[in-house]
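The chain contents come next:
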Amino acid sequence: MIRRKDLYTALADSAFRYPEKVALVEAGTKRSITYRELLVQVDRIADMLFEHGIRKGDRVAVAHRNSINVVATNFGLYKLGAVCIPMNFMVTKPEELIYILKDSGAKAVVTQAEFIRHYVKILPELPELKTIFTTDEIPLSAKDCPIVEKFWEQVEKSTFHEETANPAAGLEDLAFILYTSGTTGLPKGAMLTHGNLASNVISCAQIFKITDDDVFLCLLPMFHSFAWTACVIIPMYLNLKVVIVANIMPASHWLSAMGAEKVTVILAVPQIYAVLSKEAKGLKQLYLRFWPFKNVRFAVSGAAPLTQDIKDRFEKKIGVPILEGYGLTETSPVVSVNTEELQKIKSVGPAIPAVSVIVLDEDGKEMPRNKEGELCIKGPNVFKGYLGNEKATHDAFTDDGWFKTGDIGVIDDDGFIFIKDRKKDMIIIKGLKVFSAQVEAVICEHPAIEECAIIGVPDGRGGEFIKCYAVKKEGAQITDAEFNKFLKTHLDNYKRPRLFEFVEELPKNALRKVLKRELRKDAIAKLAQRQVNTEEGM
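Residues numbered from 1 in each chain as written. Predicted model: local features only at pLDDT ≥ 70, side-chain atom pairs only at ≥ 80, totals over all residues. Heavy atoms only, no water.

Visitor: So what's going on with the nonpolar core? Residues and values would help.
Guide: Leu-24, Leu-38, Phe-75, Trp-228, Met-236, Trp-254 and Phe-293 are the most contacted members of the largest nonpolar core, which has 122 residues in total. Take this core: its biggest share by element is 10 residues, from helix 8 (residues 225-237). If we ignore the near neighbours within four places in the chain, the residues touching Trp-254 are Ala-27, Leu-217, Leu-219, Val-245, Asn-247, Ile-248, Ile-272 and Leu-276. Residues Ile-100, Leu-123, Ile-466 and Ala-470 belong to the second largest nonpolar core, which totals 54 residues. (Core = buried A, V, L, I, M, F, W, Y, C linked by side-chain atoms within 4.5 Å. Buried < 20%, exposed > 50% of the residue type's maximum accessible area, 1.4 Å probe, protein only. Helix = DSSP H or I, 4+ residues; strand = E, 2+ residues; numbered from the N terminus. Contact = heavy atoms within 4.5 Å.)

Visitor: So what about the pattern of salt bridges? Which residues, and what values?
Guide: Applying the stated criterion across every chain yields a total of 24 salt bridges. With its nearest N and O atoms 3.1 Å apart, the salt bridge here joins Asp-309 to Arg-313. Pair noted here: Asp-309 and Arg-313 are both in helix 12 (residues 308-318), with a separation of 4 residues, about one helical turn. A residue is classified by how much of its surface remains accessible, and Asp-309, at 48% relative accessible area, is partly exposed. Relative accessible area serves as the criterion here: at 27%, Arg-313 is assigned to the partly exposed category. Here the salt bridges share partners, and the residues they tie into one network are Lys-467, Glu-501, Asp-522 and Lys-526. (Salt bridge = Lys/Arg side-chain N within 4 Å of Asp/Glu carboxyl O.)

Visitor: Can you tell me about the environment of Val-70, naming the residues and giving the values?
Guide: Residue placement: Val-70 occurs in helix 3 (residues 68-80). C-alpha separation for the pair Val-70 and Val-245, spaced 175 residues apart in sequence, amounts to 12 Å. Once you skip the residues sitting within four places of it in the chain, Val-70 turns out to touch Val-62, His-64, Arg-65, Met-222 and Trp-228.

Visitor: Tell me what's going on with the pairing of strand 11 (residues 241-244), and back it up with residues and numbers.
Guide: Two faces, one strand: in a regular strand the side chains alternate between the faces of the sheet. Because side chains alternate across strand 11, one face comprises the buried residues Lys-241 and Val-243, and the other comprises Val-242 and Ile-244, equally buried. Here 3 bridges tie strand 1 (residues 22-26) to strand 11, and the two strands are oriented parallel to one another. Pairing of Glu-26 across the sheet is with Ile-244, part of strand 11. Sheet analysis places strand 10 (residues 215-218) next to strand 11, joined by 4 bridges and oriented parallel. In the sheet register, Val-215 faces strand 11, and the bridge partner there is Lys-241. A crossover connection joins strand 10 to the parallel strand 11 through helix 8; in handedness this β-α-β unit is right-handed. (Pairing = 2+ DSSP bridges. Right-handed = clockwise from strand over helix to strand, strands pointing away.)

Visitor: Which residues make up the side chain of His-194, and what values do they have?
Guide: With respect to the secondary-structure elements, His-194 resides in helix 7 (residues 194-208). A relative accessible area of 0% places His-194 in the buried class. Polar side-chain contacts of His-194 include one of 3.1 Å to the backbone nitrogen of Leu-7. (Polar contact = N/O pair within 3.5 Å; in protein donor to acceptor, adjacent residues only side chain to side chain.)

Visitor: Run through the packing of helix 2 (residues 35-51) against helix 3, naming residues and quoting values.
Guide: Across the interface, helix 2 lies against helix 3 with an axial gap of 8 Å and an inter-helix angle of 60 degrees. Between helix 2 and helix 3, the angle is such that the two are oblique. Where helix 2 crosses over helix 3, the two elements pack in a sense that is right-handed. Of the residues in helix 3, those in contact with Leu-38, Gln-41, Val-42, Asp-43, Ile-45, Ala-46, Leu-49 and Phe-50 of helix 2 are Ile-68, Val-71, Ala-72, Thr-73, Phe-75, Gly-76, Leu-77, Lys-79 and Leu-80. Per-class residue counts for the contact of helix 2 with helix 3 are 12 nonpolar, 3 polar and 2 charged. (Axes fitted to C-alpha atoms, helices over the stretch in contact; angles between N-to-C directions. Parallel < 35°, antiparallel > 145°, perpendicular 65-115°, else oblique. Left-handed = near helix turned anticlockwise from the far one by under 90°. Nonpolar A, V, L, I, M, F, W, Y, C, P; charged D, E, K, R; others polar.)

Take a look at the structure:
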């Protein structure tokens, strides 16, 4: 029987039971660390952070590629009862970084050389930020910054403190504040407790029938709740090995490591499964089936819809079943998942143990089975609310405590959930959420743009790309090159429209609301015609 416990205690228990078992392996560097070594490292980090003024409840931002460093740092924070703020390292625009760091009240940032300049640049706006740590070298861009410190150098200098001898966090204390973009454009800090995450671990362990021999691959970025809970906390809780991937390219590094480390569980987004199945031809198919995926029991797909075509092609060519699941940052994140024994086409599976899901109509009335409405959730995995935002927290729940997901779905007679639409105007790019309102607000800041609308267009590989339809102000002149430069300057790469089109007007209904479904149809038709023209010209 797995019991709920704070995350540091979970790691310490694993280290006590299996001190010499390998906990983490980095695919690229082949660096590895045992549970005993990891716990020692975590304790030293907690001492060091304590010396730098970090106490229970304090917030520390972590902007770092996947590595042993991230795991050790986060668990060091857990021991102190401090709160981790995972930062999407692909976000580099000063306004968004400033907002998140101010809103969270972060006292420190742990990052690495390639990202540190973004934080040094905004320091004048962040008086509460006392230290920026880099886990590698201090680059020239940060040499003259007085608050930049070498992380591991400071760890080596640290000494033991009685105040850090025992874990300070309880199940109801915050472990994470994960910022998820809102439809109004401003990110909201979803507050997740140790108990939220622990409950999700226990439910997932039961549903997936995790064994002592399982080895996980952490391919998705650790700032993503799906990756952190499913690929790090579950294995650490259950004393299993994790193979960590810092960069998805070149794929040869992690594919080779999968075979060498005998990975049994992989979690990824649909685009990765689409690419792998496309590459599985001839000798490459034999290699994939009989080396990287030789020991894989199952693959889990999440963070974006999985098409039946991708699922069928992957399972046929690679020989490993894909189990699609559903979750949200606010639910720690897993809500439902198919299993090898119980699965249905186009379903995201039944709710996991301890989690309840119902469907409500627009008036908040519960709908019968097989009727469409908004999916709402209750369970120990549901977050505490949005940091400092009582209105958003209030609006996120029904009067009797059901969390409103914003997703439209159906639950059938067997309890299987089918996602029909996104109530929230959201596009998913490689597993990352892009909210239309946020991008549209930025584009409309251009003096030549009257209004615009962005949509997600299927890319044919199980994912989406962004297209922008824009209306110019009367008499305004702007070239494609100028508009492209504006987008590149003001939007992070994954939020940037791949295609844009200037139109006379946007289609709207009687209430003057933009009919994005019409734009989506137009974009898909034009993309299909372009592909036909390309094939005819070959």
